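Observations on the model geometry
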Amino acid sequence: MNLQFAQLILWLPLLGFLFCSTSGLYIKDRALQKRLTTIIAPGVVLASFVIALLVTLQFGSTPREIIALIPGTSIYDPWIRFGGFRVNFNEVIDPLSLVMSLVVTGVGGLIHVYSVGYMKDDRDYTRFFTYFNLFIFMMLLLVLGDNFLLMFVGWEGVGVCSYLLISFWFTDEANARAGNKAFIVNRVGDLGFSLGIMSIWSYFGTVSFYTPQHRGVLELANHVGRVLDVTGGVVPTAVITMICLLLFVGAVGKSAQIPLFVWLPDAMAGPTPVSALIHAATMVTAGVVMLSRCSFLFVHSAVALHVVAWVGLATAFMAATMALVQTDIKKVLAYSTISQLGYMFMACGVGDFSDGIFHVVTHAFFKALLFLGAGAVIHSMLGEQDMRKMGGLKKKLPATWAVMIIATYSIAGFPLLSGFWSKDAILDSASRSFAGDGTLLYAGGLITAFLTAFYMNRLMWKTFYTQERFTDGQLHTHHHGDSDDSGHGEDQGNGHVHPSPGTMMWPLYILAILAAGFGWFAGPYGPSGGNLLDKFLAPSIAPLSLGGLHPQADLMSPVAGYLLSSLIAIAGLVLAAVMYGRRMESGAILEPAAADASPLVQFLRNNWGFDALYNLIFIKGGGLLAERGLMRGVETDTINAAGDGIAKSVGGISHLLRRIQTGYVRNYALVMLVGAVTLVVGMLVGVMQH
Amino acid sequence: MPALILFWILAIVCIGAALTMVTAANPVRSALSLVVCFLALAVYYVTLSAQFIGAVQVVVYAGAVMVLFLFVIMLLNLGAPVTSSTKGSNQNTAAVALGAILLLVLFISGIFFEIPGKAVSPATAQAQGTVKAVGLTLYNPHLPWLFPFEATSLLLLVAVVGAIVMTRRQV
Amino acid sequence: MVPVSYYLSLSAVLFTIGVVGVLVKRNPIQVFMCIELMLNAANLTFIALGRFYGTSVGEMYVIFALAVAAAEVSVGLGIIVTIFRTRQSIDLDETALLKS
């Protein structure tokens, strides 16, 4: 198969988007439009997946042709020419982009299928799939683009789709606010990213990753101990560090790391498939993808790597503690996502980019599964998201329970499931951190793993075990957004718990298989000698030795590591089971109300005070600065006053000058005489001086 | 000495007539005062032994030009005095002030500066102002006056035509 | 023999009177007369200095000034007549013609 077909991976979702967005114009039959959307929207994504799979197989069998530039995708050659600035519209087909394409189209396709069932009663069914297809296209552009600019276009594109989908039920103001928050917080990161791109352009003279002449940024950085620019000069390490940190700021925003994570929990306001696809499986991992893509740059800057690792660990730990006290089922998963992203960043920070991607992939599977399972629960509970009002659902929703338990054990790191392998790989790399702080990173990672296991099993217990805390048949219908009679996918039913339709369940089964088995497949004991993903990704990922950094010796033997993390995971699971089992006995199942919760719980519930802090600094402080400082001080008193002053003085002068123009000839004659007398006096003075 | 007395008498007449011309509200009075002034100047020209110019002054200025003025005044029936201006007193003050400065400057330059060159004898000067002398100078092809003089006739022709065209009732 | 500076001073006085008259009179005909007075003041200077130097050049200039003054008077009075016909007034201050 010709690699040219790889273009279709990118263009098919765009076609789907174009169809969905315009179908309303020429298909007047709404039922027909909906049927066509049902076929086309998931169809294009799955077709993309098939092509990506074929390309990957083809690619795997070719003898190490690392990069395939696709000249045919150039809309213009170059795409943008701006003085000396040239950018081509090229795709890069390399292991990293292929793996990510597979994840995006694969998980994305499954979630599309799931959404068909989930959104089937929504009034804006086609609009939903319009956004979804556009998102897939933008995400693919992000991972397939062969330069920073294309990546940035995709980066912003997924941000827009995220905004549109978070506030999908925009008639509810809270949803619209959540969309705004996500978009605005992301702008901070995007500013860093764009500054990073500009710095790359000014220091490297190119923004392409790879070029046929081997003059792409990544190829220029592919020298041991030094980075060159296009003219052959050496780029100083300080500049590399600056660029890496700027790029990292972008990654922090998109991947919801400290301090820019606050938007992700609010982003759960969107429909559950959105949370699954965008805010768990794909978009939020864009930061990790970007770091991995730029691994050739990062390995040259130990400082930047260090920052990445510690921000990752701090995020992982803090988000895990926040997840402990959430009562909204989706919020738990949101904090869990942040925490897992922290793991991925930690992996990147210790130079183990391929295991970061490994965790991206496994996380996409089990977190999408968790979200979709939670969506099924919410769907069955008629829109109820509060775990305090659930319980005992195992009997009513056995299939959902089964896939959820697999996902939970996988994310908790239960031995031999996917999450176990990827998380252990990260912990192993962290323990051998090149900077010698491996023990700390490892310990932090382990504690977080314990917390992860605990809060995930807490979620399972509160949702599926213990007795019911609702009355079947008297469930309240929870409206999302408008209270339109057509309703949404989450408000159907007559107050009864009801199982989800098949289109919603089949994707869950497939994801469950992947969440259970993919880790083994790609892990160290997998087929073909193990570490399949590592080996596949190797050409796209820079080794640490490129920057002159070397991992430390093992902290313990691999088997001991596996045993320890298994033990930790099982301990967390058991503790949660015991705690919530006993609470069930004592009747203290419900969390204490917010008012009489302990200070620690309140602290955790309030996101460690981040939201309050940002509120104080940016919203209140910004408002104050804008009102007092800028509006009154600068605008009213300075700019306006200056403008008014100029206008007034001009007006005054004109007023005076206007009186000169009397229109009376005699006055003009007088002025003429003034001139004449002046001349004569001047002449006299001149003569007298001689 | 008689010449000096004559100068002063004429100066008083001339300046007095000029002032009357300026201050008179009635244009007819102004015109007649101006005629007096012009006649006094004609006498000056004669005393300065510029007989031809003196005659021309009487004929052209005191005669033709002033008759034209009076003619227009009568024609347009402007004999009634124009009410003196109420506004524009600033203008008048400024005009007088500027006039004073101008006069001062002209006095300074006219009196306190030695006029370069040397005065010729009255006998020589006498010969310069006769009709014959003026004619010989004016029509001498070796002097630069002939062509401008001929051009002046064209100017006068144009002025006559222009005046007629402008004042015709139907254009 | 009257010194030439006397004539120059007299000429200055007449010229200044003319200047002030131009500026203070509202009747254009009187303004015109003042202009004539200024021209005559200048003519007096020419004649006086021509006499002083014993040359006819001063007289030449006076002849030209006379001719130009005659032309100017005929055209100027024509303009005044036309203005009077169109506006029924020749007061310089009655309408500020140069003010839109």
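Above: the structure in question.
Residues numbered from 1 in each chain as written. Chains lettered and ligands numbered in written order. Predicted model: local features only at pLDDT ≥ 70, side-chain atom pairs only at ≥ 80, totals over all residues. Heavy atoms only, no water.

Considering the overall build of chain C
What counts here: The helix and strand labels rest on DSSP assignments: H or I over at least four residues marks a helix, E over at least two residues marks a strand, and numbering proceeds from the N terminus. Burial classes: relative accessible area under 20% of the type maximum marks a residue as buried, over 50% as exposed, and values in between as partly exposed (1.4 Å probe, protein chains only). Contacts were defined at the residue level, with two residues in contact if any of their heavy atoms lie within 4.5 Å.
Regarding its fold elements, chain C presents three helices and zero strands. Counting from the amino terminus, chain C carries its helices and strands in the arrangement α-α-α. Taking all 100 residues of chain C together, the buried fraction comes to 67%. Pairs at least 24 residues apart make up 58% of the contacts formed inside chain C by residues separated by at least 6 positions.

Some remarks on helix α3 (residues 57-87) of chain C
The following threshold applies: Expected helix span is given by 1.5 Å per residue-to-residue step, counting one fewer step than there are residues.
Compared with an ideal rise of 1.5 Å per residue, which puts 31 residues at 45 Å, α3(C) spans 44 Å between its outermost C-alpha atoms and is within 8% of the ideal. Where α3(C) terminates, the next one or two residues include Gln88(C), which has phi positive at roughly 60°.

Examining the nonpolar core
All names here are of chain A. We apply this condition: Among buried residues, the Ala, Val, Leu, Ile, Met, Phe, Trp, Tyr and Cys ones that are joined through side-chain atoms within 4.5 Å form a nonpolar core.
Among the nonpolar cores identified, the biggest contains 199 residues, and Phe148, Phe204, Leu297 and Phe298 are the most heavily contacted of them. By residue number, the principal contributor to this core is helix α15 (residues 353-380), which donates 17 residues. If near-sequence neighbours (up to four positions away) are discounted, leucine 297 is found in contact with Ile200, Phe204, Val217, Ala221, Ile240, Ile243, Cys244 and Leu247.

Quick notes on the environment of Leu567(A)
The residue Leu567(A) is located in helix α22 (residues 558-586) in this model. When the C-alpha atoms of Leu567(A) and Phe450(A) are compared, they prove to be 9.2 Å apart, with 117 residues separating the residues in sequence.

Regarding empty space enclosed by the protein
Short version of the rule: Any residue with an atom within 4 Å of a point lines the site, the site being either a cavity, points on a 1 Å grid over the protein atoms alone where a 1.4 Å probe fits but cannot get out, or a pocket, an open set with protein on both sides within 12 Å along at least 5 of 7 lines. Grid points are joined across faces, edges and corners, and a volume is the space filled by probe spheres set on the points. Any residue that is not Ala, Val, Leu, Ile, Met, Phe, Trp, Tyr, Cys, Pro, Asp, Glu, Lys or Arg is counted as polar, Gly included; the first ten are nonpolar and the last four charged.
By the definition in use, this model includes seven cavities of 30 Å³ or more. The space that makes up the largest cavity amounts to roughly 90 Å³. In terms of lining, the largest cavity is formed by Asp424(A), Leu427(A), Asp428(A), Ser431(A), Tyr442(A), Asp554(A), Leu555(A), Met556(A), Ser557(A), Pro558(A) and Gly561(A). Those elements that place two or more of their residues in the lining of the largest cavity are α18 (418-431) and α22 of chain A. Of the voids in this model, the second largest cavity is the one considered here, and its volume is about 80 Å³. Ile47(C), Gly50(C), Arg51(C), Thr55(C) and Glu59(C) are the residues nearest the centre of the second largest cavity, which is lined by 14 residues in total. It is helix α2 (residues 28-53) of chain C that contributes the most residues to the lining of the second largest cavity, four residues altogether. For the lining of the second largest cavity, a count of residues per class yields five nonpolar, seven polar and two charged.

What about the interface of chain B and chain C?
Put simply, the test is: Accessible area that two parts lose when put together, evaluated with a 1.4 Å probe and summed over both, is termed the buried area. Definition used for salt bridges: Asp or Glu carboxyl oxygen within 4 Å of a side-chain nitrogen of Lys or Arg.
Every contact between the two is made by 83 residues of chain B and, on the other side, 71 residues of chain C. In total, chain B and chain C occlude about 6,700 Å² of area from one another, counting both sides; carbon and sulfur atoms represent 78% of this. Across the contact surface, chain B and chain C share zero salt bridges. Looking at the side of chain B that touches chain C, the elements that each hand over two or more residues are α1 (2-23), α2 (27-47), α3 (51-75), α4 (89-111), α5 (122-128), α6 (131-138) and α7 (146-167) of chain B. Tallied by class, residues from the side of chain B that touches chain C come to 59 nonpolar, 20 polar and four charged.

A short note on the packing of aromatic side chains
Residue and element names in this part refer to chain A. The test is simple: Between the rings of Phe, Tyr and Trp (Trp by its six-membered ring), a pair exists once the centres lie within 6.5 Å; its type follows the angle of the planes, with under 30 degrees stacked, over 60 edge-to-face, and the other angles tilted.
The final tally for this structure, using the stated rule, is 41 aromatic pairs over all chains. Judged by centre distance (4.5 Å) and plane angle (35°), the ring pair of phenylalanine 128 and phenylalanine 132 falls under tilted. Of this pair, phenylalanine 128 and phenylalanine 132 both sit in helix α4 (residues 125-144), separated by four residues, roughly a single helical turn. Accessibility classification places phenylalanine 128 together with phenylalanine 132 in one group, the buried group. Ring pairing ties together the aromatic residues Tyr125, Phe128, Phe129, Tyr131, Phe132, Phe168 and Trp169, which thus form one cluster.

Quick look at the pattern of salt bridges
Residues and elements named next belong to chain A. Applying the stated criterion across every chain, the model contains nine salt bridges over all chains. Residues lysine 120 and aspartate 121 are paired through a salt bridge, measuring 3.9 Å at the closest nitrogen-oxygen approach. For lysine 120, a relative accessible area of 37% translates into the label partly exposed. Between aspartate 124 and arginine 127 there is a salt bridge, and its shortest N-O distance comes to 3.0 Å. Connected through shared salt-bridge partners, Arg123, Asp124 and Arg127 make up one network.

Section: the packing of helix α1 (residues 6-26) of chain A against α4(A)
All names here are of chain A. As a reminder, the rule being used: Lines fitted to C-alpha atoms define the axes here, with helix axes fitted over just the stretch in contact, and angles between the N-to-C directions of these axes take values from 0 to 180 degrees. Every angle not falling under 35 degrees, over 145, or within 65 to 115 is termed oblique; those three ranges are roughly parallel, roughly antiparallel and roughly perpendicular. Take the far helix as your reference; a near helix turned counterclockwise from it by less than a right angle gives a left-handed crossing, and one turned clockwise gives a right-handed crossing.
The contact between α1 and α4 brings their axes to 8 Å, and the two run at 155°. Here α4 runs roughly antiparallel to α1, going by the angle between their axes. Between α1 and α4 the crossing geometry is left-handed. Across the interface between the two elements, Ile9, Leu10, Trp11, Pro13, Leu14, Gly16, Phe17, Cys20, Ser21 and Ser23 from α1 touch Thr126, Phe129, Thr130, Asn133, Leu134, Ile136, Phe137, Leu140, Leu141 and Leu144 from α4.

Observations regarding the layout of surface pockets
Any empty space left between atoms is shown by rolling a water-sized probe over those atoms. Residue and element names in this part refer to chain A. Volume-wise, the largest pocket comes out at about 650 Å³. Lining the largest pocket are 23 residues, with Leu53, Thr56, Leu102, Phe518 and Phe521 sitting closest to its centre. It is helix α2 (residues 30-61) that contributes the most residues to the lining of the largest pocket, seven residues altogether. Here the lining of the largest pocket is built from residues that sort into 18 nonpolar, five polar and no charged.

Points about α6(B)
Rule in force here: Think of the arc as the fan of directions from the helix axis to the C-beta atoms.
Taken together, the buried positions of α6(B) are occupied by Ala133(B), Val134(B), Thr137(B) and Leu138(B). Across the axial projection of α6(B), the buried residues extend over an arc of 125°, all falling on one side. Of the exposed residues in α6(B), the ones pointing more than 90 degrees away from its buried face are Val131(B), Lys132(B) and Leu136(B). Summarising the contacts, the buried residues of α6(B) are in contact with α3, α5 and α7 of chain B together with α3 of chain C.

Side note on the packing of α4(A) against helix α5 (residues 148-166) of chain A
Residue and element names in this part refer to chain A. Between α4 and α5, the least distance of the axes is 7 Å, while the angle of their chain directions is 155°. Taken together, the axes of α4 and α5 are roughly antiparallel relative to one another. Considering how the two elements wind past one another, α4 and α5 form a crossing that is left-handed. Between α4 and α5, the contacting residues are Phe128, Tyr131, Phe132, Leu134, Phe135, Met138, Met139, Leu141 and Leu142 on the first element and Leu150, Met151, Val153, Gly154, Trp155, Gly157, Val158, Cys161, Leu164 and Leu165 on the second. For the contact of α4 with α5, the per-class residue count stands at 17 nonpolar, two polar and no charged.

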